[in-house]
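# Coordinate analysis (summary)
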Amino acid sequence: MDEHLLRPIPEASYLTVNNAWRYRSLLRYFYQQHERLRHYLFPEEIYSYLKNNSHFREYTEDQLQQDLDQLVVWRNLVPRQETGRVSSIEEFKKKKYRYQLTPYTIEIERMVFGLEQLGEGFGGSLERTLFDKLLQALLKLAARSEHSIDGQLSYDILRSEPEEVHLLWQELYDSFRKLTENATDYLAHLQSEKVEEKMMTEAFLVYKDAVTEYLRNFMTSLQRTSFRIEALLEDIGGELIHTLAGKLAEYELSIPRLDERPDKEQLMVRFQDQWHVLKTWFVGNETMDSDIMYLQNATNETIRRLTRFAQRLGESHNNLRSRRMDYMHLARWFDGMETLGEAHELSSCVFGVLHTRHLLVEQPKKTEAIDAEIWDEPPFVIRVRPRVKAYAEKQKPNAVIDHTDEKQAMLNMYLQQKAEEQRLMEQLIQSDRIVFSQLPIVNPFIRKTLLIWIAKCMSNANRVAKTETGRRFQLIKLSDHSVQLEADDGVMELPDYVFRFFPQEGELG
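A brief structural summary.

What counts, and at which threshold
Residues numbered from 1 in each chain as written. Predicted model: local features only at pLDDT ≥ 70, side-chain atom pairs only at ≥ 80, totals over all residues. Heavy atoms only, no water. Helix = DSSP H or I, 4+ residues; strand = E, 2+ residues; numbered from the N terminus. Buried < 20%, exposed > 50% of the residue type's maximum accessible area, 1.4 Å probe, protein only. Contact = heavy atoms within 4.5 Å. Areas by Shrake-Rupley, 256 points an atom, 1.4 Å probe, with all protein chains shown as cover. Core = buried A, V, L, I, M, F, W, Y, C linked by side-chain atoms within 4.5 Å. Expected span 1.5 Å × (residues − 1). Salt bridge = Lys/Arg side-chain N within 4 Å of Asp/Glu carboxyl O. Axes fitted to C-alpha atoms, helices over the stretch in contact; angles between N-to-C directions. Parallel < 35°, antiparallel > 145°, perpendicular 65-115°, else oblique. Left-handed = near helix turned anticlockwise from the far one by under 90°. Nonpolar A, V, L, I, M, F, W, Y, C, P; charged D, E, K, R; others polar. Pairing = 2+ DSSP bridges. Phe/Tyr/Trp six-rings, centres within 6.5 Å; stacked < 30°, edge-to-face > 60°. Patch = residues over 30% accessible without salt bridge, like charges linked within 9 Å, V, L, I, M, F, W, Y side chains within 5 Å.

A count of helical and extended segments in the protein gives 16 helices and eight strands. Relative to its 509 residues, the protein shows a buried fraction of 29%. The long-range fraction of contacts in the protein, counting pairs at least 24 apart against all pairs at least 6 apart in sequence, stands at 64%. Surface exposure of the protein reaches about 36500 Å², of which carbon and sulfur atoms provide 52%.

As a further point, take the nonpolar core. It is characteristic of soluble globular proteins that their nonpolar side chains tend to be buried jointly. Counting residues in each nonpolar core, the largest one holds 47 residues, and the members touching the most others are Leu138, Leu141, Trp275 and Phe282. Taken together, the elements giving at least two residues each to this core come down to helix 6 (129-142), helix 7 (162-190), helix 9 (204-235), helix 10 (238-254), helix 11 (264-283) and helix 12 (291-320). Here this core gets ten residues from one element, more than from any other, and that element is helix 7. Leave out the neighbours within four places in its chain, and leucine 138 touches Leu172, Ile229, Leu232, Leu233, Ile236 and Trp275.

Moving on, we get to helix 14 (residues 340-351). Compared with an ideal rise of 1.5 Å per residue, which puts twelve residues at 16 Å, helix 14 spans 16 Å between its outermost C-alpha atoms and is within 8% of the ideal. With its phi angle positive at about 80 degrees, glycine 352 sits one or two positions after the end of helix 14.

Turning our eyes to something else, we now look at the pattern of salt bridges. This model, assessed by the stated rule, comprises 15 salt bridges. The salt bridge partner of arginine 159 is aspartate 156, with a shortest N-O separation of 2.9 Å. Accessibility expressed as a relative area gives 28% for aspartate 156, which makes it partly exposed. With a closest N to O distance of 3.1 Å, glutamate 250 and lysine 264 form a salt bridge. One end of the pair, glutamate 250, is in helix 10; the other, lysine 264, is in helix 11, and 14 residues separate them in sequence. The partly exposed category is assigned to glutamate 250, whose relative accessible area is 41%. Of the residues examined, lysine 264 reaches a relative accessible area of 31% and is grouped as partly exposed. When salt bridges that share partners are traced, they join Glu35, Glu107 and Arg110 into one network.

In this section: the packing of helix 6 against helix 11. The relative placement of two packed helices is expressed as an angle between their axes plus a distance between the axes. The contact between helix 6 and helix 11 brings their axes to 14 Å, and the two run at 120 degrees. Considered as vectors, helix 6 and helix 11 are oriented oblique to each other. In terms of crossing hand, the pair formed by helix 6 and helix 11 is left-handed. Two secondary-structure elements touch here, helix 6 through Phe131, Leu134, Leu138 and Leu141 and helix 11 through Trp275, Leu278 and Phe282. A breakdown of the residues in the contact of helix 6 with helix 11 according to their chemical character gives seven nonpolar, no polar and no charged.

Here we come to the sheet that holds strand 7 (residues 472-487). What links the strands of a sheet is backbone hydrogen bonding, and the strands pair in either a parallel or an antiparallel sense. Spatial ordering of the open sheet is given by 5-8-7-6, a layout of four strands whose pairing is antiparallel. With one partner strand each, in any of the chains shown, strand 5 (433-435) and strand 6 (464-466) form the two edges of the open sheet. Sheet twist, expressed as the average angle between the axes of neighbouring strands with direction ignored, equals 45 degrees. Bridge analysis of strand 5 against strand 8 (residues 490-501) gives three bridges, and the strand direction is antiparallel.

Before going further, it helps to spend a moment on helix 15 (residues 404-428). A rise of 1.5 Å per residue sets the reference length of helix 15, with its 25 residues, at 36 Å; its end C-alpha atoms lie 37 Å apart and thus fit the reference within 8%. All of the buried residues in helix 15 are Glu421, Met425 and Leu428. The secondary structure elements touched by the buried residues of helix 15 are strand 5 and helix 16 (444-458).

Applying the stated criterion to the full structure yields 20 aromatic pairs. Seen from their ring centres, tyrosine 97 and tyrosine 99 are 6.5 Å apart, and the 45 degrees between their planes marks the pair as tilted. Exposure remark for tyrosine 99: the relative accessible area of 2% places this residue in the buried category. Here the aromatic rings of phenylalanine 131 and phenylalanine 218 are separated by 5.5 Å at their centres, their planes lie at 50 degrees, and the arrangement is tilted. One end of the pair, phenylalanine 131, is in helix 6; the other, phenylalanine 218, is in helix 9, with 87 residues separating them in the sequence. As far as the burial class goes, phenylalanine 131 and phenylalanine 218 line up, both buried.

Looking now at a nonpolar patch on the surface. A surface patch of nonpolar side chains, amounting to about 490 Å² of accessible area, comprises Leu359, Val361, Phe380, Ile382 and Val384. Within the secondary structure, phenylalanine 380 is located in the loop between helix 14 and helix 15. A residue is classified by how much of its surface remains accessible, and phenylalanine 380, at 40% relative accessible area, is partly exposed.

Now for unusual backbone geometry. Positive phi, normally seen in glycine, also occurs at arginine 75, with a value near 65 degrees. Although it is not a glycine, arginine 463 sits at a positive phi angle of roughly 60 degrees.

Its place among the elements puts glutamine 274 in helix 11. Note on glutamine 274: relative accessible area 16%, which makes it buried. In this view, glutamine 274 contacts Trp169 and Tyr173; residues no more than four positions away in its chain are not counted.

Put simply, helix 13 (residues 324-335) and helix 14 touch, their axes get as near as 10 Å, and they point 150 degrees apart. Classified by the angle their axes make, helix 13 and helix 14 are roughly antiparallel. Residues Leu330, Trp333 and Phe334 of helix 13 touch helix 14, and the partners they reach there are Ala343, Leu346, Ser347, Val350 and Phe351. Looking at the contact of helix 13 with helix 14 residue by residue, the class counts come to seven nonpolar, one polar and no charged.

Before going further, it helps to examine the pairing of strand 8. Pairing of strand 7 with strand 8 involves eleven bridges; the strand directions are antiparallel. Opposite leucine 475, over in strand 8, you have phenylalanine 499 as the bridge partner. Between strand 7 and strand 8, which pair antiparallel in sequence order, lie two residues.

This next bit is on the environment of serine 437. In this structure, serine 437 sits in the loop between strand 5 and helix 16. In this structure the C-alpha to C-alpha distance between serine 437 and aspartate 496, which are 59 residues apart in sequence, comes to 6.8 Å.

See below:
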């Protein structure tokens with residue numbers, strides 16, 4: 001556990017003490033001036049500002065000085081003696097100070113100001129463009145040039161200046177952070193109790209279509225870009241991220257700062273952790289699914305939830321609506337019929353056939369023409385059985401037929417097929433290895449068997465499995481490049497894998 005978590009934060013004391021209203025007013029004025037690039041303030045200016053407020057009518061300069069001293073003790077302010085405006089030795093001895101906010105206090109005030117703007121509800125949004133920004137940043141990161149270094153393709157980003165690398169990294173991680181934070185807050189907003197109460201009212205029906213369309217557009221963008229983002233994250237290797245972390249750390253250290261700074265290794269670990277968080281969020285790991293799947297499921301569930309609320313409101317609205325005018329219209333319609341036959345025809349159109357029997361016919365239709373009539377179809381005979389519990393159809397006893405020869409023939413054919421398949425697999429093993437990049441054109445069975453073996457190895461921590469004949473082998477990834485496995489029915493792209501077979505029992509290994 002980090003030692004910083006075990007230490008108190010005295011800079012936040014001014015928010016909860018008895019005179020918090022005075023300290024907060026002081027520091028809010030400091031923060032507002034800091035945003036205007038005025039970093040040092042004099043007590044006279046602060047006192048003049050506070051006296052304009054009715055709550056500080058009885059406030060004195062001594063109280064102001066006591067509050068400033070207390071904020072210095074809590075490390076909210078940094079005092080600095082003013083020597084440029086002194087006209088006598090006596091004034092110098094009085095030690096006139098000007099004050100500046102500490103970095104902790106600036107961030108605390110920025111957070112408090114944001115909370116005040118947020119109010120009691122959640123913020124956030126579902127910005128579709130953030131997926132596109134993430135994808136474009138990853139494409140720049142994974143771009144490779146045609147020129148090679150030591151026989152391997154080199155990344156264009158490695159030839160960029162550290163400042164360009166820093167800008168691209170900031171664009172990538174800022175887009176990821178905004179996407180996760182805004183999406184989480186917006187979905188929490190839709191699932192909050194206050195919004196759920198508003199969904200119970202008929203006013204929700206006006207906004208239902210807009211909210212549903214907004215969520216569906218977000219889902220469309222997510223599904224359109226997520227697979228490409230996952231593929232790029234898988235393609236970018238750890239060596240590139242390690243090199244980029246070094247460049248980013250060098251850029252951070254090149255910025256002149258007079259305070260204490262972390263060393264290069266700590267900065268590299270921080271940037272590598274950021275990449276690990278981003279990759280895990282999209283791809284997941286061995287122990288948990290990706291967070292993007294949770295986001296997708298949560299968005300789909302929210303759409304279904306909104307639709308259910310709208311459906312219930314519509315049903316309750318229709319149940320409470322009076323049908324008196326509808327019945328009056330039907331009554332006038334029937335009253336206008338001149339004969340009973342016309343009234344019967346109108347009744348059949350309005351209410352349908354009162355007594356019907358549906359018969360299921362298994363015979364397929366002769367035509368699918370839309371203008372074909374049922375009377376033009378040929379008749380079909382249906383055998384109706386008596387509805388008596390004791391009824392049972394007569395059955396004739398049949399002789400027992402011996403299928404021993406057919407079973408033996410099928411068994412021999414199956415064993416012959418398995419032996420042929422085993423022979424083909426043994427031919428692929430060269431020096432106790434099957435190298436995917438060196439395989440010739442194979443048949444679909446061999447491709448299916450190789451994929452089954454890969455799945456077996458992936459389910460084992462040591463990537464070790466057994467063949468159908470009991471021979472043990474291990475899956476090894478040679479490089480981060482992809483290879484193509486050609487079969488009779490197509491080409492499949494796979495990682496650069498190799499199977500290494502262990503010596504069988506009785507062999508020298």
